[in-house]
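Single-letter residue listing:
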Amino acid sequence: MFNEMLVYGQFPILSTYNTVVLCGLCKNGHIEEAIDLFHSLENTKYKPSIELFNILIGGMCKAGTSEEARKCLLKSLRKVAYQTPISFNIIIHGLLREKEVEKAMNRLKETCRRNFSPDEAVTSMLLRLAMKDAQ
């Protein structure tokens, strides 16, 4: 349906991209399609928002491609005027889920250097890892 809109000259608003990427693609594991859609957005009058970057970053992490998510984060740092800690927390959470503790700790340091704090999920995962190592 989305492609049909484009064929008939109906250009979606930014929230349509968000909804399609979030609900239709990333949550259903269609990351490559989400990335393609994201790139097509970059070629329109719309500029990707930090929220759209976060949707894509989250989808990549859930698909187990945290390294690609990190590259997407770096791209967002160049293209979006403001940042939130959400992007960093998503990547740290994804890395911890993939058992990439050293990489997660590096992202945590970067997050703190930017004066952002880890969220509750990241903090809980880090505490569980620390307790597990102490046993």
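Here the structure is a predicted model, which means the values were calculated and not measured.

Conventions we followed
Residues numbered from 1 in each chain as written. Predicted model: local features only at pLDDT ≥ 70, side-chain atom pairs only at ≥ 80, totals over all residues. Heavy atoms only, no water. Helix = DSSP H or I, 4+ residues; strand = E, 2+ residues; numbered from the N terminus. Expected span 1.5 Å × (residues − 1). Buried < 20%, exposed > 50% of the residue type's maximum accessible area, 1.4 Å probe, protein only. Core = buried A, V, L, I, M, F, W, Y, C linked by side-chain atoms within 4.5 Å. Axes fitted to C-alpha atoms, helices over the stretch in contact; angles between N-to-C directions. Parallel < 35°, antiparallel > 145°, perpendicular 65-115°, else oblique. Contact = heavy atoms within 4.5 Å. Nonpolar A, V, L, I, M, F, W, Y, C, P; charged D, E, K, R; others polar. Salt bridge = Lys/Arg side-chain N within 4 Å of Asp/Glu carboxyl O.

(A) Main features of helix H4 (residues 50-62). In this model, H4 (13 residues) spans 18 Å end to end at C-alpha, consistent with the 18 Å of a helix rising 1.5 Å per residue. Of all 13 residues that make up H4, 11 are buried, and the element is covered over most of its length. Buried within H4 we find Ile50, Leu52, Phe53, Asn54, Ile55, Leu56, Ile57, Gly58, Gly59, Met60 and Cys61. Looking one or two residues beyond H4, the residue adopting positive phi is Gly64, at roughly 85°.

(B) Molecular detail of the nonpolar core. Of all hydrophobic cores here, the largest spans 32 residues; its most connected members are Phe53, Leu56, Ile57, Met60 and Ile91. Contributions of two or more residues to this core are made by helix H3 (31-42), H4, helix H5 (66-79), helix H6 (85-97), helix H7 (101-113) and helix H8 (120-134). Ranked by the residues each element gives to this core, the list is headed by H4, at eight residues.

(C) Seen up close, the packing of H4 against H6. Direction vectors running N to C along H4 and H6 enclose 0°, while the axes themselves pass 9 Å from each other. Taken together, the axis directions place H4 and H6 in an arrangement best described as roughly parallel. For the pair H4 and H6, the contacting residues are Ile50, Asn54, Ile57, Gly58, Cys61 and Lys62 in the first and Ile86, Ser87, Ile90, Ile91, Gly94 and Arg97 in the second. The residue inventory of the contact of H4 with H6, partitioned by class, reads six nonpolar, four polar and two charged.

(D) Structural detail: the pattern of salt bridges. Counted according to the given criterion, the structure contains four salt bridges. One salt bridge in this structure joins Glu68 and Lys71, with 3.4 Å as the shortest N-O distance. Here the residue Glu68 and the residue Lys71 both occupy positions in helix H5, the gap between them amounting to three residues, near one helical turn. Glu68 sits in the partly exposed class, given a relative accessible area of 40%.

(E) Structural detail: the side chain of Ser66. Assignment of secondary structure puts Ser66 in helix H5. We classify Ser66 as buried; its relative accessible area is 1%. The residues touching Ser66, leaving out its near neighbours within four places in the chain, are Met60, Cys61, Gly94, Leu95 and Glu98.

(F) Up close: unusual backbone geometry. Residues other than glycine seldom take positive phi values, yet Lys99 does so here, at roughly 65°. Looking at the element boundaries, Lys99 is found in the loop between H6 and H7.

(G) Just the packing of H4 against H5, in detail. Interaxial distance between H4 and H5 falls to 8 Å at its minimum, and their mutual angle equals 170°. In terms of their interaxial angle, H4 and H5 are classed as roughly antiparallel. Residue-level contacts link Ile50, Phe53, Leu56, Ile57, Met60 and Cys61 of H4 to Ser66, Glu68, Ala69, Cys72, Leu73, Lys75, Ser76 and Lys79 of H5. Its residues assigned to classes, the contact of H4 with H5 comprises nine nonpolar, two polar and three charged.

(H) Summary view of the side chain of Asn89. Tracing the backbone shows Asn89 in helix H6. Classification of Asn89 by relative accessible area gives buried; the value is 5%. Not counting residues up to four positions away in its chain, the partners in contact with Asn89 are Ser117, Pro118, Asp119 and Val122.

(I) Region of interest: the environment of Tyr82. Mapped onto the fold, Tyr82 is located in the loop between H5 and H6. You can call Tyr82 partly exposed: its relative accessible area is 43%. Along the backbone, Tyr82 and Ile50 are 32 residues apart, and their C-alpha atoms lie at a distance of 7.6 Å. Those residues within four positions of Tyr82 in sequence are excluded, and the remaining contacts are Ile50 and Glu51.

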